[in-house]
Each structure stands twice: as structure tokens, then as C-alpha cells.
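If you want the building blocks of each chain, they are given just below.
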Amino acid sequence: MKVHEKLIASIRAHSPYLSWAAEGRTPDEVKAETLAILRPHFQNPSVLTDVPISILAHEAVSISNIQVDAWASSMLAGVLAEYREALAQDQRESVAALEAWDEPIARAMSEFMSLYLMEVDKTGLELDELRLEVLRNVGGLLEACVQPQLKALLHQIRIRRRRKTDVEDILALKFGAAVEELHQTLRAPGIVEPPPWDIKLHHWRNVAQHHSATIQNGRIVCNYRIGKVTHQIELTRDELVAVARKMQEVLGIVRTARSIFIADNVVALRGRRVVEPRPEILFFQFAVGIATQGFNIVDVDVSGDVAHLHVQDATDQDARLRGVHASQFLVGTWAHFHRPLVRVTYIDKSGRKCLEAAASGADCEDVSEERVTFETLEDLVIFRVVDDEERTCGT
């Protein structure tokens, strides 16, 4: 379960929900704060009540991170405006374009998940190995993850500009041609030529894929061509790492803008075929949702016929009530691992195992598929008090 461990660790490191719970905020207060972050970016904020908190919470963290930087915040507003203007120009074409790009973007996000899971600590790498590893990540990120998002955006811009097009035309474009057209037509062109280097994205991609960076006098020297002229930029170790982070920021901006736009226009998009993300992405959303309830996943044990989730409380609230609260995660655990038997063990803040909830996979499936109400599960769960004085985790 190392994959799940890395995803869970990222939630602890990069989202505020567990610290909010430790401060005493209730799940309702956490949801209210999440909605307050999201609401200014929605033209139809009433739709937020219909979106699962696990998805809202992830987007709220993304927006919070973007808003820290004035440039990133302005780019998010600019990209979001392009989607909205395309919808206003031709709703039918805009919606069709969104759906046409769902599968390429689902593949792009799957590629991003793989890049993330393969990421290694670069602290101890020598400069030449750092150059190779960071540029490998930059090339993969731009080619496999950013490119489909930008081409989907370009499709919307062509609709906004009343230029007849289809997904096959844009898919056939070389990355450089797509970036150049976006640079000429975007109202926020900086997204494809990010500061402080002001080098267009396809040039960074070419530096990576053409292996045109070398080490000279303790610096990374990157070469790229514009037409017949070769250009050069020198970077320190930290500056090269900053390039990779900026490319991730670009991806985060265009991904978040598209996600907000889709959620904001859920009524217009009713009936749109949804492409399901890869299982690791769905698990990440599940884990984020659990964090908004003040629980930290500390272990996932899937073996044979049993899927067993261990959650630790971030609050000091009544352990019995919180243990019962944690039992609601049985259905989500079954949805991810599809085992005949599902267990959730509740661990209090001090690290003491207190309560185990168990249910059959069949009963969880009935709830998940909405054949019976969620409340029905209450009568089917078997609780077992765990008398474990040993501090199993935490403090």
C-alpha cells in the first residue's frame, strides 16, 4: 500500500483540514470555510451544495495555493474567463468540446499521478543527476499533462473567436504550434510563457526532450532554438528546481480553471458522459473527504477477502461518538477495494485503538449503488470495542 501512503502523506503536508480539526473546528465549520474559498470563483454558487465535499475540498486547497501568488491568481481568472466566454458565445459547441477532451484530460491526469508516485527525493543528487532527473520530470509533465489541458483550452478559445474547429484538428497540432496560437489569442498569455524566465512552454519541453542542457562551471546551461537562432539560459540548482515547480503551477492553474468551470455549469452539462479517473485519484479524493471530517488515514490493509482502513482522530472529541462517525467510511472503503468484508478501525488522538466497525461487502455495495439508503447500514454494521492500551500511532 505504498501508493496510498504517499497520497495520504501529501494530504497531511499540503491541506489544512487535519490542523483545522485539531484546532476544534467541526466538519460543518470546515465545509463552510471550504465553500467560502470557492464561492467567489463561481457564477452559480448554489451548485456547490450538490458537489461532494471530497471534490470541493481538493479544489479549495488548489485555489488557496494559487491565490498566494498574484501572477497565478490572475492567470486562473484569465483562463476561467476564456471558458466562460466560449460558453456564452456558443453553448452547444462549448459543451461538446468539453466532453470531447474529457478522455485526453483523464489520461493526462493519470500520467500526472504516475509522475507524482515515481517522484524521488532529489536532495542528495549530484548536479548532473539532478539536471537529468528534473528535466525528465519537466519534459514528461509538459508533454503528457500540460499539453492536453492547453489544447482543450485552445478549443474553447477558437469557439470564443468563432473559428470552426474540432478535436482532431487540435490534437494534430504540434505542441509548439498550440502554444504559439495560445500566446497570440489568450487574454492572459503569460500562462504559456511563465515568469521569471518568460520562456514559452514548448521551449522548456524541447530543452528536456532534446537533452540540450549541460553543466558548465557549476551551473545548468539550457539551450533552445527559436527559428534558426540558439538561445541560452543558465540556472543554479535551486533555479532548475523552481522551473519544475512553475510547470506544476501552470498545470494546477489550467486544471483548476477547467474543474471550476465544469462544476459551475453542472446544469448546462447535465447528461454529459463522465470519464472516471484512475483508482488512485479516486482514493485521494476519498482520503481528502475523510480529512475534512477530522480523521487521518494511518493505514490501509487490503489482503485476501478483507479491506481494512485505520483512521486516527485529529480531535479530542468523545471517542465513542467519533468511532461511530468513522464507521461511515465502510462504504467508501468497499467502493475502492471491493472486498467481501470491510473494516474500519477508529484510533483516538493519543494513538489508542478504540472501536472497530465491520460490514459485509454486499451490504456496502447496496448502499453505494443506492439500492438502499445510507441509514440502512447502521443496522448492519458490527461494532467491536478494542481494548488496546498500546499507543499504536501518533503521540
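Conventions adopted
In this convention, every chain numbers its residues from 1, walking through the sequence in written order. The predicted origin of the model limits local features to residues at a pLDDT of at least 70 and limits the giving and counting of side-chain atom pairs to 80 or more, whereas totals for whole chains, interfaces and linings rest on all residues. As a convention, hydrogens and water are excluded, and side-chain values are obtained from all of the structure's heavy atoms. Helix and strand definitions follow DSSP, with helices as H or I runs of at least four residues and strands as E runs of at least two, each counted in order from the N terminus. Radius of gyration here is computed from C-alpha atoms only, and the compact-globule reference equals 2.2 Å multiplied by the residue count raised to the power 0.38. Only protein chains enter the accessibility calculation, which uses a 1.4 Å probe; a residue is then buried when its area is under 20% of its type maximum, exposed when over 50%, and partly exposed in between. In this description, contact between two residues means that some pair of their heavy atoms is separated by no more than 4.5 Å. Per-residue and other accessible areas follow the Shrake-Rupley method at a 1.4 Å probe size, with only the shown protein chains counted as cover for residues. For the purpose of charge, His is not counted, nor are the chain termini; Lys and Arg are scored as positive and Asp and Glu as negative. By convention, charge coordinates are those of NZ in Lys, CZ in Arg, CG in Asp, or CD in Glu. One speaks of a salt bridge when a side-chain nitrogen belonging to Lys or Arg is within 4 Å of a carboxyl oxygen belonging to Asp or Glu. Here is the rule: rings of Phe, Tyr and Trp (six-membered ring for Trp) pair when centre to centre is within 6.5 Å. Planes less than 30 degrees apart are stacked, more than 60 are edge-to-face, and the remainder are tilted. Pairs of strands are assigned from DSSP output, requiring at least two bridges between the strands. Working definition for bend: take the seven residues up to and ending at a residue and the seven starting at it, fit an axis to each, and measure the angle between the axes. Throughout this description, a polar contact denotes any pair of N or O atoms lying within 3.5 Å of each other; where both atoms belong to protein, one of them has to be capable of donating a hydrogen while the other can accept it, and for residues adjacent in sequence the pair is counted only when both atoms sit in side chains. Two cysteine sulfurs form a disulfide in these notes if their separation is within 2.5 Å. Between N-to-C directions, angles cover 0 to 180 degrees, with each direction set by a line fitted to C-alpha atoms, over the stretch in contact for helices.

Caption draft 1: Broad picture of the overall build of the protein chain. Within the protein chain one finds 16 helices and eight strands. Relative to the compact-globule value of 21 Å for 395 residues, the protein chain shows a C-alpha radius of gyration of 23 Å, a close match. Across its three principal directions, the C-alpha atoms of the protein chain cover 75 × 55 × 40 Å. Of all 395 residues assigned to the protein chain, the portion counted as buried reaches 50%. Contacts in the protein chain between residues at least 24 apart in sequence constitute 68% of all its contacts with a sequence separation of at least 6. Surface summary for the protein chain: the accessible area is close to 19,000 Å², and the carbon and sulfur share equals 51%. Each charge sign in the protein chain was given a centre, from 45 positive and 57 negative side chains, and these centres are 7 Å apart.

Caption draft 2: Region of interest: the pattern of salt bridges. Tallying each qualifying case throughout the model produces 26 salt bridges. For the salt bridge of R92 with E93, the shortest nitrogen-to-oxygen distance reads 3.0 Å. Residue classification places R92 among the exposed residues on the basis of a relative accessible area of 61%. Judged by relative accessible area, which is 27%, E93 ranks as partly exposed. Each of D102, R258 and R272 takes part in a single network of salt bridges with overlapping partners.

Caption draft 3: Highlighting the packing of aromatic side chains. Applying the stated criterion across every chain yields a total of seven aromatic pairs. An angle of 65 degrees between the planes, with centres 6.2 Å apart, marks the rings of F283 and F286 as edge-to-face. Of this pair, F283 and F286 both sit in helix α13 (residues 279–292), three residues apart, which is roughly one turn of the helix. The class of F283 is buried, set by a relative accessible area of 1%.

Caption draft 4: How the structure looks around the pairing of strand β3 (residues 229–235). Pairing between strand β2 (residues 219–226) and β3: seven bridges, direction antiparallel. Paired with Y224 across the strands is H231, a residue of β3. Hairpin geometry of β2 and β3 is characterised by an intervening segment of two residues between the two adjacent antiparallel strands and by a positive phi of about 65 degrees at G227.

Caption draft 5: Looking closely at unusual backbone geometry. P196 follows P195 through a cis peptide bond whose omega is 5 degrees. Inspection of the secondary structure puts P196 in the loop between α10 (175–185) and α11 (201–209). In this structure, E370 is a non-glycine residue whose phi angle is positive, near 60 degrees. Tracing the chain through its elements places E370 in the loop between α16 (361–368) and β8 (382–385). Residue classification places E370 among the exposed positions, given a relative accessible area of 70%.

Caption draft 6: Just helix α8 (residues 127–160), in detail. Along α8, the largest kink reaches about 45 degrees and is centred on V146; proline P148 follows within four residues of it. A large share of α8 lies buried, amounting to 27 of its 34 residues. R162 sits one or two residues past α8 and shows a positive phi near 60 degrees.

Caption draft 7: Structural detail: the environment of E93. Within the fold, E93 resides in helix α6 (residues 91–100). Along the backbone, E93 and Q184 are 91 residues apart, and their C-alpha atoms lie at a distance of 22 Å.

Caption draft 8: Looking closely at the side chain of D264. Locating D264 in the fold gives a position in helix α12 (residues 237–264). Side-chain polar atoms of D264 contact the backbone nitrogen of N44, separated by 2.8 Å. Only 3.3 Å separates the side chain of D264 from the side chain of R84, close enough to count as a polar contact. Apart from the residues lying within four places of it in its own chain, the contact partners of D264 are H41, F42, Q43, N44, V47 and R84.

Caption draft 9: Layout of the state of the cysteines. All told, the structure shown has zero disulfides when counted by the stated rule. The cysteine C222 is free of any disulfide, with C145 supplying the nearest cysteine sulfur at 20 Å.

Caption draft 10: Seen up close, the sheet that holds β8. The strand order β4-β5-β6-β7-β8 describes an open sheet built from five strands, whose pairing is mixed. Edge strands, defined here as strands with exactly one partner in the open sheet, are β4 (295–303) and β8. Looking at each pair of strands side by side, their axes are set apart by 20 degrees on average, direction ignored. Taken together, the seven bridges between strand β5 (residues 306–313) and strand β6 (residues 341–347) define a ladder with parallel strand orientation. Paired with H308 across the two strands is R343, which belongs to β6. Taken strand by strand, α16 contacts β6 and β7 (353–360), and its axis lies near 80 degrees from that of β7.

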